[in-house]
Structure formats: structure tokens, C-alpha cells
Amino acid sequence: MEDVPDVSRLQVHDGEDGAEPSAPQPPTVEKIRELLMTKDDTTRFVGLALLKSVLDNTPELRDEKGVIISLWDAMPPKFLDRLLRTGSRSGSERKDAKDMLDLAVAVIHTFAILLPDDAKQDEKLVGRIPRLAKAVLYSSKETTQVIVQTLFTLVVVPGGARRFADLEIDDWTPLIEIAPEHPHVMPIFIWAWEKGTSGLEDGLPKEAMRAKIDEAIQSFISSFLGTDGASLLLFISHILRNLDEQLIPPNPRWLGSLTKLIRSLSTNRPTADSRTAYTNCAGALLLLYPTAAPPMLFQDEKDAAKPFSYHFVNLILVDLRVTLPTLLEKLNDAEYPQISQRMTSALDILTAFISQLIAWMEELDDGAGPGPEPDAPSRPQLQLRMPPDLVLRLSRSIAETLSVVMEHLRDRWDAAVAGAAGLHPDARAGRAHSDLGARRTLAWDAGEARAAADALVLAAVRAVALWIRDDDGDALRKEAAGLVDMFVELYRESGGGGGGEGGGGGEGGGAESLDFRLPVLAALEGVLRTPEGVAASAAHDGWKVLAEDLLAILARSETAAAHDRRREKGKGKEKESGDDGEKVEEQEKEKEKEKEMQAELIRGDRIALVLQILAEAEDSTPEDWMAVVTAVAAYDVPAAEGGPGALLLEFATDTVQLAATLLAHANPGMRRRYVHSAAAVRGVAEQLREQAEEESGFARDLDAAISTLLDIQ
């Protein structure tokens, strides 16, 4: 038997030999089933052609699921593969090979649409994905379109996405090459990479998939050379924001090519669609590659008449100023998620540029910065080649834009929580049930959107926080003081102060809430340097919320250090017999706990700095603030070899300094009541001083704290 039927020798008679053929009769379903189930490929091809004709011309048959399933069961999968393979052969001399490919693709597409959902999951259907993907290279334009539609139909079926994701990169290449002409190709990859990789195990399987995705993105970029690249930028930005973080390439070779596309698109009269594309993609790159992406995106050519960074950031600022004032009225519209995503990306770009600007200015001043940016793991260095007058002009524009951003935050928060600035959480009622559905009783236009779960709110707080913390001007800081109630509630929603009820009228902090704590702490560092900020903090329980989190971190750090000491002592017993898999799992858990503890220590250090600003602003320490002194006095200083090292030492040092400041600002009567606590705090400081290296910053800070504690006793 040949690989495929020889259609040229096919003869069909309706009557006996020599007799006049009778009028053609429509084939029955049973007859088609019989033809498909024969062993002869030529007869099978006849059945396949008849099946296609019947399904196309008998609409009522397409609704009979039982008949459709029976016809599909009669279909030999290997026969379909042979048709696809023969039609996909390069240089095939069979003139009917393309017809075989067209017919096979059309039939598979039809059944992919008609079969019930449970039947579509069968390997017999999704198993055709590899042949279909390869057939694109040799199919006609019309058949290519059908193949793309079929693959998209199959990839959304459970099992279909995984089957497509398992393909080798050589199988993906034909589809990647036609992506510029067929927009539906990219959704196939989006679905496959997001849904088809969910079951991959950590380690080698994910490493292999990450390498495949890395190479595929490089191929996509090559395929889109010569186009404006807008659809490609949207595709990559979506992938980078939604893909499992372990599948995102850590050091991609295509980063430079992609930033060139962004720069080109943004300078060539961008349309609304292209503006969305380059904004979303640039925002994603700056978040994922905070060290590598900024120099590629913001770097200016030497002696350029109009630096690109100035042009690009101005585009972002204009978009923010134009869009944000009217965004709130679209909160419940279907277009809000798309606009909100663009604004979120724009704010991420602005935050990254502000970070570069601050780093550049600090380098010029040979000064040291106040610490890491909120949520930013590192600060890459960038040499800005921008004339001073443009830097000044851009700084003013940034300040004006951030003022608009703060106005939006104020309106967004008021709409989300109650419709009135400063309304206490206890006054935020629940939901009223009506014919129109459940609605919050006080919020006028928040719908189901919760401010604490809105990425735009987080991006806005991050941008505002970075500027008002590091910029010396008080105008924006005083304006931001009007947001302190929001800052405190967002912090509480993030789990820092023992779950409150704010955050967009929600039912307390939950899994959907974003983590605002570091950005809020950065914002408070700037706001609390103004009298208006201190007064607003006092009015909205700022100290209480932050101090509760600080004391919780202090207790957990003590427990973690004790656990580490026990683990060090028990290391000699680890060589005893045991399950290696359990040991590896236990080690991974220990690493994760240590990583979480280090993150908490970083946050605790920032809390101590904010509370220090508040403590220094008070003439007399309030009684309820002395709980911090009591907690520090009872702190069990870990041994030198235990705990997370320098992070723990820095956190403990700053907390001791805070306790010393509180005691120094306490009135004489309070000092007498806390004399034993003061002595204990000094003892903690002395133990920490023994662990600090001489001439280090820790040693100097602890010496100052010990001196303060000695003076007040």
C-alpha cells in the first residue's frame, strides 16, 4: 500500500458496467462510515471527500452530536497524518498532494468545531497538532488560515495547550514565520505558554521550556523585522506579564532588539494602538529587567539635538496627564482594564526613569542615596546625556504629572471606599441587594473594582513615593499629606497592621490585595517630613499600624534566629539515613523561609526609619508608643553566627535607635517608670555592638544609641 491514496485511479460507478449511470444519490452516514473504515486508502479518501461535502451541505447533521462522534470514531488518525505529511513534503511531484492536505485540514477543522468538548480532549484530535503546525510551511494561503483557526480551536482544549507547548522549536518556526500576516498565531502561543506549562515541574523541565520560549521570542522578533512591530510588542508584553516567572528568560539576547523596536515605534508618529503597544512593552521590560533594560531604553546618543529619553518620557507624561482625569468615570466600563494597563505601564516607566534621574544626580553630587527604591531590587547606573535645561524642564513636568496622579488617587480611593475623604473604616457599610445586583451602599461608582487590588493604584503609589521621598521640594509632599489616610489603609490591607476594613470597600485584606507596604513606607518617609504629614498620620493611626508590624517582625526575627541556631547544632545528624527527596524538599522550604525573613527584615528596617521620623517630630513621647521600648528591652539578641547576618544586624540597630529616641523624648515621669526597660535596651545595644565591626556604620549608630541611653538615666 502506498503512503497515500492514488486519487488518479479513482473510479466511481452508480450502475452496472455498460449501463447508463443512474441519478447520483446522496451518500448515507452509514455508507461514509463504511468507506472510512476500510483498509484501502483510496476508498478512505473517497469517504473523506464525501464526508466533507455532507457536513458542508447538511446543516441539520452538524447538530447531531451522536452522529458526529460516530463519524469521528470511524476516522483513521494515521490516515489523516499521512495526508498531512504528504501534502507537507517539499518538492512533491504529486499534483494532488496539496488537495490531500487541503481536505485533511478542512475535515480536522470541521470536527474541531463540531465535536463536544469532552470528545475534543481525546488524543486522536489534539494529537494532530504537530502535523498541522508543520503543514503551515507548504499550505496555500487559504489552507494556512484554516490551520491557524484549527490550532487556536485545539489549543484552548484541555490537553491541547500542553500538546502544543511540547512541540520542538522547529515545529513552532513555520507558525512564527507567518505571524506578521496571521494575527491569530500569537494568541495560540499565549494560550499554550500560559496554560500548557502549568503542570511543569521545577528544575530541568522548566529550564528546557524557558530556553524554548527564549528562542521562540527571538524568532518572533526576526519575523517582524520590517514591520512597525506594534502587535509583536503587545504580544511580548502580555507574555512577560502573565507567564510563570520561572519561564521568563533571565538574560535574553533579544532585549536590545526589542528596545530598538520600542524606540522606533515611539518616534514615528505613534497611533493609539502603537502607543499602547510600546508603553505596555516598555513597562514590562523595566519591571523584569531593572538592570539591563533602562540603559537600552533611556540611553541617549552623544550630542543628540533632541535626546530620545526626553522625547520618550514626555510622551509618557502627556499620556498620563490627558488620560487620568477622565479615567475614574470609566471605572465600570469594559475598556477600563485596557486603559488601566496602559496607565500602569506608563507609571512603571516613569518610576524607572525617576530612579535613573535620582541615581544620576546623586552621582554628580557624590552623595549616597537614602536606600533602595520601593519594590526595586537594584538601581542600574545610567549616564544621562541631557542638557541641564532639558533636565530642569522635564523635572517640572514630572512634578506636574505626579500632582495629577495624586488627584486621581484621591478620587479613586474616595470612590472605592465611601465617596467621602477620610471616612472612618467603621462607617463603610457592606452591600445592599437589589434587582440590579449587590452594590456597596456608600461608594458611588466603584463597582466591583477594589482599589487595593488595582495594579494602577500600586504603580501610582510607587511613582509618587519615589519622587516625594527623594525630591527636596515640599510642595508635593504637602499635597501627598492629603493621601495619608489612603496610605495607612493600603498598608493595613496588605497585612502589615492586622487586617483592617479599608482598601476599596472590600471585606478586609485578602489574597487579591497587592502588597503596598514598601511603596507606602517610601511615601511616608517623604510626607512625614512636613507638619501636615505628621498631623495626618496622627489622625489616621499611622503609628499604631506601623508599630504593630514592626513588633511582629521583631518577634519573628527572634524566633527565626533561634531556629537557625538549632539547625546549626543539628547539622551533624543530617548524615543519618533518610529519604533524599524529603531532605531536598526540606532544604527548599528552609530557603523559602529564609528569603521571606530577609524580606521582612528589609521592611522592618524601613518601618523603623519612618517611626524614627515620627518620634523625632514629637515633643513628648505618647504613652502608647512605649510598647516599642518594652519589646526591644525583651529582645533576645541572636548569637553572632545565627540569623540572616547583616540584614538582622541593621534591623536590630535601627530598632534600638528608635527605642532610644522614644526614651529621650519621654517626659521625666515616664522615664522613671521605664528605667528598667531603658537599662535592658542599653544591654541589647551593647550586645549588638559586640557583633558589629569596628568603624562600621552599625558600630557608630550603636555607639550613639548607647550614649543617648546613658544620658537619660
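Engineer: Now, about the overall build of the protein: what can you tell me, with residues and values included?
Structural biologist: Across its full length, the protein holds 33 helices and 2 strands. Taken over 713 residues, the protein has a buried fraction of 51%. Within the protein, counting contacts between residues at least 6 apart in sequence, those at least 24 apart form 78% of the total. Carbon together with sulfur atoms contributes 51% to the accessible area of the protein, which is approximately 33,400 Å² in total.

Engineer: Report on the confidence of the model for the protein, specifying residues and quantitative values.
Structural biologist: Any segment with low pLDDT has predicted coordinates that should not be analysed in fine detail. Looking at the protein, pLDDT values average 82 and 80% of them are 70 or higher. Of all secondary-structure elements in the protein, the lowest mean pLDDT belongs to strand E2 (residues 437–440), at 48, while helix H25 (residues 517–527) reaches the highest, 96. Confidence over residues 6–23 falls short of pLDDT 50; this stretch has 12 contacts with residues more than four positions distant or in other chains. Every residue in residues 433–447 is under pLDDT 50, and counting partners more than four places away or in other chains gives 43 contacts.

Engineer: Any details on helix H6 (residues 97–114)? Residues and values, ideally.
Structural biologist: Between its terminal C-alpha atoms H6 stretches 26 Å, which fits the 26 Å expected from 18 residues at 1.5 Å a residue. H6 sits mainly inside the fold: 14 of its 18 residues count as buried.

Engineer: Which residues make up the packing of H6 against helix H10 (residues 141–155), and what values do they have?
Structural biologist: The N-to-C vectors of H6 and H10 enclose an angle of 30 degrees; their axes lie 9 Å apart at closest approach. H10 is crossed by H6, and the crossing has left-handed handedness. Across the interface between the two elements, Asp102, Val105, Ile108, His109 and Ala112 from H6 touch Thr143, Val146, Ile147, Gln149, Thr150, Thr153 and Leu154 from H10. Split into classes, the residues belonging to the contact of H6 with H10 amount to 6 nonpolar, 5 polar and 1 charged.

Engineer: Explain the environment of Leu324 to me, and be specific about the residues and the numbers.
Structural biologist: Inspection of the secondary structure assignment puts Leu324 in the loop between helix H19 (308–323) and helix H20 (336–365). Given a relative accessible area of 4%, Leu324 falls into the buried group. What Leu324 contacts, discounting residues up to four positions off in sequence, is Met343, Val404, Val405 and His408.

Engineer: An account of the environment of Phe298 is needed here, citing residue identities and associated values.
Structural biologist: Structurally, the position occupied by Phe298 is in helix H18 (residues 293–298). For Phe298, a relative accessible area of 1% translates into the label buried. Between the C-alpha atoms of Phe298 and Phe308, which are 10 residues apart in sequence, the distance is 7.0 Å.

Engineer: Can you break down empty space enclosed by the protein residue by residue, with the values?
Structural biologist: Any space left empty among the atoms is revealed by the rolling of a water-sized probe across them. The final tally for this structure, using the stated rule, is 2 cavities of 30 Å³ or more. As a volume, the largest cavity reaches approximately 40 Å³. Around the largest cavity, the lining residues are Val484, Val488, Leu524, Leu528, Ser537, Gly542 and Leu546. Residue assignment for the lining of the largest cavity shows that the elements contributing at least two residues are helix H24 (484–493) and helix H27 (542–569). Among the residues making up the lining of the largest cavity, the classes are represented as 5 nonpolar, 2 polar and no charged. Along the walls of the second largest cavity sit Leu554, Val632, Tyr635, Ala652, Thr655, Val656, Val684 and Leu688, which together make up its complete lining. For the lining of the second largest cavity, the elements supplying multiple residues, two or more each, are helix H30 (646–664) and helix H32 (675–691).

Engineer: So, helix H15 (residues 230–242): which residues are in play, and what are the values?
Structural biologist: Between its first and last C-alpha, H15 extends 19 Å over 13 residues, near the 18 Å set by a 1.5 Å rise per residue. All of the buried residues along H15 are Ala230, Leu232, Leu233, Phe235, Ile236, Ser237, Ile239 and Leu240. Residues of H15 that are buried in the fold lie against helix H13 (185–195), helix H14 (204–223), helix H16 (255–267) and helix H17 (272–288).

Engineer: I'd like a rundown of unusual backbone geometry, residues and numbers included.
Structural biologist: Located in the positive-phi region is Arg269, a residue other than glycine, with phi close to 45 degrees. Examined against the element boundaries, Arg269 turns out to sit in the loop between H16 and H17. For Arg269, a relative accessible area of 80% puts it in the exposed group. For Asp541, which is not glycine, the phi dihedral falls at a positive 60 degrees. When its relative accessible area of 38% is taken as the criterion, Asp541 is described as partly exposed.

Engineer: If you had to explain the packing of aromatic side chains to someone new, which residues and values would you point to?
Structural biologist: Summed over the entire model, instances satisfying the criterion amount to 14 aromatic pairs. Ring geometry for Phe189 and Trp193: centres 5.4 Å apart, planes at 70 degrees, overall edge-to-face. With Phe189 and Trp193 both in helix H13 and 4 residues apart, the pair spans about one turn of that helix. The buried category is assigned to Phe189, whose relative accessible area is 0%. For the ring pair Trp193 and Phe235, a centre distance of 6.1 Å and an interplane angle of 40 degrees mean the geometry is tilted. One end of the pair, Trp193, is in helix H13; the other, Phe235, is in helix H15, with 42 residues separating them in the sequence. When sorted by exposure, Trp193 lands in the same class as Phe235, which is buried. Connected via pairs of aromatic rings, a cluster forms that spans Phe164, Trp172, Phe189, Trp193, Phe220 and Phe235. In this structure, Lys124 packs its charged tip against the face of Trp72, placed 5.2 Å from the ring centre. Note that Lys195 overlies the ring of Trp191, its terminal NZ or CZ placed 5.8 Å from the centroid.

Engineer: Now, about a nonpolar patch on the surface: what can you tell me, with residues and values included?
Structural biologist: Residues Phe152, Val156 and Trp191 make up a contiguous nonpolar surface patch of roughly 230 Å² in combined accessible area. Note on placement: Phe152 falls in helix H10. Judged by relative accessible area, which is 30%, Phe152 ranks as partly exposed.

Engineer: Residues and numbers for the pattern of salt bridges, please.
Structural biologist: Tallied over the entire structure, the rule returns 22 salt bridges. Salt-bridge contacts for Asp171 lead to Lys134; the nearest nitrogen and oxygen are separated by 3.5 Å. Taken together, the residues span a long stretch of sequence, with Asp171 in helix H12 (residues 169–178) and Lys134 in helix H9 (residues 129–135) at a distance of 37 residues. According to the relative accessible area criterion, Asp171 is buried, its value standing at 10%. Residue Lys134 is classed as partly exposed on the basis of its relative accessible area, which comes to 41%. Ionic pairing is found between Lys206 and Asp244, a salt bridge with its closest N-O pair at 2.8 Å. Remark: Asp244 occurs in the loop between H15 and H16 and Lys206 occurs in helix H14; sequence separation between them is 38 residues. On the basis of relative accessible area, Lys206 is assigned to the buried category, the value being 8%.

What counts and how
Residues numbered from 1 in each chain as written. Predicted model: local features only at pLDDT ≥ 70, side-chain atom pairs only at ≥ 80, totals over all residues. Heavy atoms only, no water. Helix = DSSP H or I, 4+ residues; strand = E, 2+ residues; numbered from the N terminus. Buried < 20%, exposed > 50% of the residue type's maximum accessible area, 1.4 Å probe, protein only. Contact = heavy atoms within 4.5 Å. Areas by Shrake-Rupley, 256 points an atom, 1.4 Å probe, with all protein chains shown as cover. pLDDT = per-residue confidence, 0-100. Expected span 1.5 Å × (residues − 1). Axes fitted to C-alpha atoms, helices over the stretch in contact; angles between N-to-C directions. Left-handed = near helix turned anticlockwise from the far one by under 90°. Nonpolar A, V, L, I, M, F, W, Y, C, P; charged D, E, K, R; others polar. 1 Å grid on protein atoms, 1.4 Å probe; cavity = no way out; pocket = protein on both sides within 12 Å on 5 of 7 lines; lining within 4 Å. Points joined across faces, edges and corners; volume = space filled by probe spheres on them. Phe/Tyr/Trp six-rings, centres within 6.5 Å; stacked < 30°, edge-to-face > 60°. Lys NZ or Arg CZ within 6 Å of the ring centre and 35° of its normal. Patch = residues over 30% accessible without salt bridge, like charges linked within 9 Å, V, L, I, M, F, W, Y side chains within 5 Å. Salt bridge = Lys/Arg side-chain N within 4 Å of Asp/Glu carboxyl O.

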